[in-house]
Amino acid sequence: MEEKQSFLNQKIDLESPNRNIVPITTSIGRDGKLFVGGCSIEELVKKYDSPLYILDEMTLRKSCRAYKKALEKYYPGKSLPIYASKANSSIFMSNLVSSEGFGLDAVSEGELLTALKGGVPNEKIVFHGNNKSDKEIDFAVRNNIKIIVDNDHDLKRLEEFSNSLNQDLEIMIRFTPGIECHTHEYIRTGSFDSKFGFGIEYLNNLFAIISKTKHLKLKGIHAHIGSQIFELDPHKDLGEIMVKVILDSKKYGHSINELNVGGGLGIKYTESDDPPTIDEWVKTISFSIVDACKKNKVDFPTLMCEPGRSIVSSAGITIYKIGAFKQIPGIRTYLSVDGGMSDNPRPITYQSNYSACLVSNPLNINSKNKYTIAGKHCESGDVLFKEIELADCETGDLICVFGTGAYNNSMSSNYNRIPRPATLLVNNGEAEIIQKRERPSDLLKYDILPDRFIKQN
Ligand code: LLP
């Protein structure tokens, strides 16, 4: 029997889960089949059906702890890691990150509500967004949640809000530091041409405007340069730039004591990805801020960072069942699964690559086939993998896709009226549902047929 080297044979980095393709508890059972969190994936699908999102609690907690530990080790001032909930928002995720001492970043009333329901203390929540509605601002202000001002429009409305309530409001401002980094252009946000934040060249003006307001108190600055970044230099530069901004703001009477560097640390989706460890990332940022503070005689501000993907991505897997095969001689063999672009829109949106295996033969023993794995949606581009090598498989077999914890569920849709999968949490051989599977009938909940149409039929 030929055994091909599989990514599943690689040593697992227990300290920095973003460097693994698989959840840290992944193992192969005595039956040769895939286990995660001590649970047989095959048994879980028998009980909970497919497609299925699964999150591994141990990987989530390890990732959170790696950030906490590194911040405590390298940063002499106060620090607060904040989970970017856009990566995967649920009451469970809010509760888990909060239990690990994290704050939470939200960008809509929905994410804010989820965070509060999950028990995140309001003083640890920050509210982002380049087009916050009045209703959302009102919700945030009433719940004492700190708002990150993104543009003049935000600023004007917050000034009006604070004046009408005759109440001081602590704010942070987001700016674009003009740092280029190598990632997909859709997830690059720190360059000058970005819809987010104030241009750095405008900050002096902004400081003057804020200091003239009656109730707005500038507490902090924020910048996020992009996502799925493997280089450390952009974050080193960011630390220095941000401390300089704090220094500039002093001339206008502000005393900024919070510095939020955003998120962005990349993860390993495929074997060719080589992201830094969480420890290295935090160390780079901390050292650059500490150096710049010392050089410029600035007190250490509270250091905040907002990881999303590197907390949740490698903790998550998606399980699909194989249905139809279509062989096009001399071209390729399509294998279709029971989900696709509605539960994972990243391949069609960003041409993202993932790693996958058969649940019954994870090590691809006797691997000899190349398949193109297609989703079930009415869209030719609904392809999850082009030409992936898998062992022999047939209708009914299960496929596990790794690294799907971030930006899959949170960007999912009901295209073709396909219900969203359930999410299970696995830990120590136990599985719990943290998000129920949608049913087709759930998708009708908000449809209304006006009376006159009912009468017509
Ligand atoms: N903070 C801010 C202000 C952000 O805009 C983001 C991500 C984060 C933190 C978290 O970044 P992370 O640590 O996850 O890289 N949908 C895309 C990713 C969009 C990221 C948007 N902002 C994807 O699927 O790759």
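Residues numbered from 1 in each chain as written. Predicted model: local features only at pLDDT ≥ 70, side-chain atom pairs only at ≥ 80, totals over all residues. Heavy atoms only, no water.

S.K.: Just give me the short version of the site of the ligand, but keep the residues and values in it.
M.R.: Around the ligand, a shell composed of 20 residues is seen, among which Ser227, Glu306, Arg346, Tyr350 and Tyr407 lie nearest. Note that a nitrogen atom of the ligand is positioned 2.8 Å from one of the side-chain N or O atoms of Tyr350. For the ligand, the accessible surface in isolation is 590 Å², of which the surrounding protein chains cover 92%. There are two domains that each give the shell around the ligand at least three residues, and those are domain 1 (7–56 + 315–443) and domain 2 (58–312). (Near = heavy atom within 4 Å. Polar contact = N/O pair within 3.5 Å; in protein donor to acceptor, adjacent residues only side chain to side chain. Areas by Shrake-Rupley, 256 points an atom, 1.4 Å probe, with all protein chains shown as cover. Domains from an automatic or database assignment.)

S.K.: Lay out unusual backbone geometry with the relevant residues and their values.
M.R.: Going from Ser50 to Pro51, the amide bond is cis rather than trans, its omega being -10°. Following the sequence through the fold, Pro51 ends up in the loop between helix H1 (41–48) and strand E4 (52–56). In this structure, Gln351 is a non-glycine residue whose phi angle is positive, near 55°. Tracing the backbone through its elements, the reader meets Gln351 in the loop between helix H11 (346–350) and strand E16 (356–358). (Helix = DSSP H or I, 4+ residues; strand = E, 2+ residues; numbered from the N terminus.)

S.K.: Any chance you could break down the environment of Pro347 for me, citing the residues and the numbers?
M.R.: Within the element layout of this structure, Pro347 appears in helix H11. In contact with Pro347, other than residues within four places in its own chain, are Ser352, Tyr354, Val383 and Leu384. (Contact = heavy atoms within 4.5 Å.)

S.K.: Describe the packing of helix H8 (residues 233–250) against helix H9 (residues 278–296), naming the residues involved and giving the relevant values.
M.R.: Remark: H8 packs on H9, axes separated minimally by 8 Å, with the N-to-C direction vectors making an angle of 35°. The two elements H8 and H9 cross, and the hand of that crossing is right-handed. Within the contact between the two elements, H8 uses His235, Lys236, Gly239, Glu240, Val243 and Leu247 and H9 uses Trp281, Thr284, Ile285, Ser288, Ile289, Ala292, Cys293 and Asn296. Grouping the amino acids of the contact of H8 with H9 by side-chain chemistry returns seven nonpolar, five polar and two charged. (Axes fitted to C-alpha atoms, helices over the stretch in contact; angles between N-to-C directions. Left-handed = near helix turned anticlockwise from the far one by under 90°. Nonpolar A, V, L, I, M, F, W, Y, C, P; charged D, E, K, R; others polar.)

S.K.: Tell me about the domain arrangement of the protein, and please be specific about residues and values.
M.R.: Domain annotation for the protein reports domain 1 (7–56 + 315–443) and domain 2 (58–312). The C-alpha centroid of domain 2 is placed 32 Å from the C-alpha centroid of domain 1. Joining domain 1 to domain 2, the criterion identifies two salt bridges. Mapped by element, the contributors of at least two residues to the side of domain 1 that touches domain 2 are E4, H11, strand E20 (422–427) and strand E21 (430–435). Of the residues forming the side of domain 1 that touches domain 2, the biggest block, three residues, is contributed by H11. (Salt bridge = Lys/Arg side-chain N within 4 Å of Asp/Glu carboxyl O.)

S.K.: Kindly report on a nonpolar patch on the surface, identifying the contributing residues and their values.
M.R.: Taken together, Leu449, Phe453 and Ile454 make up a surface patch of nonpolar side chains, about 270 Å² in accessible area. Mapped onto the secondary structure, Phe453 falls in helix H12 (residues 451–456). Using a relative accessible area of 32% as the deciding quantity, one classes Phe453 as partly exposed. (Patch = residues over 30% accessible without salt bridge, like charges linked within 9 Å, V, L, I, M, F, W, Y side chains within 5 Å. Buried < 20%, exposed > 50% of the residue type's maximum accessible area, 1.4 Å probe, protein only.)

S.K.: Report on the sheet that holds strand E2 (residues 34–36), specifying residues and quantitative values.
M.R.: With respect to topology, three strands assemble into an open sheet ordered E1-E2-E3, the strand pairing being antiparallel. The open sheet is flanked by strand E1 (27–28) and strand E3 (39–40), the only strands paired with a single partner. In this sheet, E2 lies alongside E1 in antiparallel orientation, the contact comprising two bridges. From the neighbouring strand, Ser27 faces E2, where its bridge partner is Phe35. (Pairing = 2+ DSSP bridges.)

S.K.: Tell me about helix H6 (residues 152–165), and please be specific about residues and values.
M.R.: For H6, built from 14 residues, the straight-helix expectation of 20 Å at 1.5 Å per residue is met to within 8% by its first-to-last C-alpha distance of 20 Å. Taken residue by residue, H6 has Asp154, Leu155, Arg157, Leu158, Phe161 and Ser162 as its buried positions. At the C-terminal side of H6, Asn166 shows a positive phi close to 50°. (Expected span 1.5 Å × (residues − 1).)

S.K.: Talk me through the packing of aromatic side chains; I want residue IDs and the actual numbers.
M.R.: Tallying each qualifying case throughout the model produces eight aromatic pairs. Look at Tyr67 and Trp281: their rings are 6.0 Å apart centre to centre, the planes differ by 80°, and that puts the pair in the edge-to-face class. Highlighted residues: Tyr67 in helix H2 (residues 57–74) and Trp281 in helix H9, separated in sequence by 214 residues. With a relative accessible area of 2%, Trp281 lands in the buried category. Between the aromatic rings of Phe325 and Tyr371, the centroid separation amounts to 6.0 Å while the plane-to-plane angle is 65°, which identifies the pairing as edge-to-face. Residue Phe325 is located in strand E14 (residues 316–328), and its partner Tyr371 is located in strand E17 (residues 369–374); the two are separated by 46 residues in the primary sequence. Since its relative accessible area comes to 7%, Tyr371 is described here as buried. The ring of Phe127 is capped by Lys132, whose NZ or CZ atom sits 5.9 Å from the centre of that ring. (Phe/Tyr/Trp six-rings, centres within 6.5 Å; stacked < 30°, edge-to-face > 60°. Lys NZ or Arg CZ within 6 Å of the ring centre and 35° of its normal.)

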